[in-house]
Amino acid sequence: MSSKNKKTATKPKVLAIVGPNASGKSDLAIQLAHKFNGEIISADSRQVYRGLNLSSGKVPGKWKIRGFNRRYEYQDIPHHLVDIISPRKSFTVQQYKRKAQRALQDILQRGKLPIIAGGTGFYVDALLYDFQIPEAPPNRQLRQELESLTTGQLMHRLGALDPNRAKSIDTNNRRRIIRAIEIVVSIHSPVPKINLFENKKSPYDLLKIGIFLPDGELKRRIKSRLNRRIKDGMVDEVRRNHFLGVSWRRLEEMGLEFHHIIQHLKGAISREEMITLIETKDHQFARKQMTWFKRDKNTIWIDVPAKAAPLVQDFLVHEA
């Protein structure tokens, strides 16, 4: 079925697939893209980086030349905002929003359905809702001071400056913690709470589908996914990136798996300890993701992928 977005006064239709890591977002997004003539915009803060494939859970696609365009594809579906920047560089939510907006408009202009899929809730909402992200220029002097602190000390400082942000942030992602502190210092106050879903301001007609799994099933998927990625060479991938010039500290800034993989590569923990720690950290992070996504009361939650297609079908045939 084609999902032509008519050029009328109505808002263009956009689909979002959200949920925690290992919930099956990518597979579902690809199924729906095939069925409804869609293209996928990734909303993942680590999949933007080149060379971090297994360690970021990136779909195993390839760059292909289509006419005059070069694009990242998996199962013949274009994936935008994937594999676009060196891991040596930082990438902010402001940069994501600008690039993702361009990709979304391009998809709409070609008469296709934009499908936002990813687990970084702030990226999803920054793209879909009309709110201002605090602009805070880099403060190199402050960054230099903060780099000398341990991750625990950084979290303590963020907790004192912005308790709400400290509760939701990935506690192993040094880059994000430092950036959060930098923003608070720049605007001289905690980041204001954004009432995205009360205002419901969006330039798009949205259908947001969330994948909800029982905790036991989610733990099982996290374990299975982790074992598969380790078997496929995730640890070697991190070692290779370090060999190619990405510092340990920069890799640690990515958070989640990277911290414990680096501990293992440095000989501080065994392979078994690494796996156990990553499983625990991934499950904790999945719960934080769900806390974020549940804030949007307009999200329709499903427990099996088959329930998604009828929802999308109905969404596409009705005007907003």
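Residues numbered from 1 in each chain as written. Predicted model: local features only at pLDDT ≥ 70, side-chain atom pairs only at ≥ 80, totals over all residues. Heavy atoms only, no water.

A. Quick look at the pattern of salt bridges. Taken as a whole and assessed by the stated rule, the structure comprises 23 salt bridges. Notably, a salt bridge pairs R143 with E182, separated by 2.9 Å at the nearest N-O pair. Of this pair, R143 sits in helix α4 (residues 140-147) while E182 sits in helix α7 (residues 174-187), and the two are 39 residues apart along the sequence. Here the salt bridges share partners, and the residues they tie into one network are E39, D106, R110 and K112. (Salt bridge = Lys/Arg side-chain N within 4 Å of Asp/Glu carboxyl O. Helix = DSSP H or I, 4+ residues; strand = E, 2+ residues; numbered from the N terminus.)

B. Broad picture of the confidence of the model for the chain. The predicted model of the chain has a mean per-residue pLDDT of 88, with 92% of residues at 70 or higher. Mean pLDDT across the elements of the chain bottoms out in helix α8 (residues 196-199) (55) and peaks in strand β6 (residues 113-117) (98). (pLDDT = per-residue confidence, 0-100.)

C. Layout of the nonpolar core. In this structure, I41, Y96, I116 and L128 are the most contacted members of the largest nonpolar core, which totals 42 residues. Within the residue set of this core, elements represented by two or more residues are β1 (13-18), α2 (93-109), α3 (121-128), α9 (215-232), α10 (234-243), α12 (257-265) and α13 (271-293). Here the element with the most residues in this core is α2; it accounts for 7 residues. (Core = buried A, V, L, I, M, F, W, Y, C linked by side-chain atoms within 4.5 Å. Buried < 20%, exposed > 50% of the residue type's maximum accessible area, 1.4 Å probe, protein only.)

D. Summary view of unusual backbone geometry. Positioned with a positive phi, A22 is a non-glycine residue whose angle comes to about 75°. Among the secondary structure elements, A22 is positioned in the loop between β1 and α1 (25-36). Positive phi is not limited to glycine here, since D76 has a value of about 65°. A residue is classified by how much of its surface remains accessible, and D76, at 51% relative accessible area, is exposed.

E. A look at the pairing of strand β5 (residues 77-80). Alternating residues of β5 divide into I77 and H79 and P78 and H80, and every residue in both groups is buried. Summarising the sheet, strand β2 (residues 38-42) and β5 pair through 2 bridges and their orientation is parallel. Considered in β5, the bridge of I40 is made with H79. Bridge count for strand β4 (residues 69-74) against β5 is 2 bridges, and the pairing is antiparallel. Its bridge partner being in β5, E73 is matched across the sheet by P78. Joining the antiparallel neighbours β4 and β5 is a turn of 2 residues, in which Q75 adopts a positive phi near 50°. (Pairing = 2+ DSSP bridges.)

F. Representation of the sheet that holds β2 in the model. In spatial order, the strands read β3-β4-β5-β2-β6-β1-β7-β8; together these 8 strands make up an open sheet with mixed pairing. The two strands at the open ends of the sheet, each matched to only one other strand, are β3 (62-66) and β8 (300-302). Adjacent strand axes in the sheet meet at a mean angle of 35°, parallel and antiparallel pairs treated alike. Where β2 and β6 come together, 5 bridges link them in parallel fashion. (Axes fitted to C-alpha atoms, helices over the stretch in contact; angles between N-to-C directions.)

G. Spatial organisation of the side chain of R174. Counting through the fold element by element, R174 comes out in helix α7. Apart from residues lying up to four places away in sequence, R174 is in contact with L146, E147, L149, T150, T151, L154, R249, E252 and E253. (Contact = heavy atoms within 4.5 Å.)

H. Quick look at helix α5 (residues 151-161). Those residues of α5 not exposed but buried are L154, M155 and L158. In a view along the axis of α5, the buried residues occupy a sector of 100°, so they form one face of it. Exposed positions of α5 whose direction lies more than 90 degrees from the buried face are G152, H156 and A160. (Arc of directions from axis to C-beta.)

I. Representation of the packing of α12 against α13 within the structure. Two numbers describe how α12 lies on α13: the axes approach to 9 Å, and their chain directions differ by 170°. Judged by the angle between their axes, α12 and α13 are roughly antiparallel. Across the interface between the two elements, E257, H260, I261, Q263 and H264 from α12 touch R271, M274, L277, I278, K281 and D282 from α13. Among the residues making up the contact of α12 with α13, the classes are represented as 4 nonpolar, 3 polar and 4 charged. (Parallel < 35°, antiparallel > 145°, perpendicular 65-115°, else oblique. Nonpolar A, V, L, I, M, F, W, Y, C, P; charged D, E, K, R; others polar.)

J. Fine view of the packing of aromatic side chains. As enumerated under the stated definition, the model contains 3 aromatic pairs in all. Relative to W292, the ring of F122 lies with its centre 5.9 Å away and its plane at 65°, an arrangement referred to as edge-to-face. Separated by 170 residues along the polypeptide, F122 in helix α3 and W292 in helix α13 bring together distant segments of the chain. In this structure F122 comes out as partly exposed when scored by relative accessible area, which is 27%. Classification of W292 by relative accessible area gives partly exposed; the value is 23%. Over the ring of F315 we find K13; its NZ or CZ atom is 4.4 Å from the centre of that ring. (Phe/Tyr/Trp six-rings, centres within 6.5 Å; stacked < 30°, edge-to-face > 60°. Lys NZ or Arg CZ within 6 Å of the ring centre and 35° of its normal.)

K. Layout of α1. Taking 1.5 Å per residue as the helical rise, α1 with its 12 residues ought to reach 16 Å, and the 16 Å between its terminal C-alpha atoms agrees with that figure. Of the residues trailing α1, N37 is marked for its positive phi of about 60°. (Expected span 1.5 Å × (residues − 1).)

L. Up close: the pairing of β2. The element β2 is extensively covered by neighbouring structure, given that 5 of its 5 residues are classed as buried. What you see with β2 is no split at all: G38, I40 and S42 on one side and E39 and I41 on the other are buried throughout.

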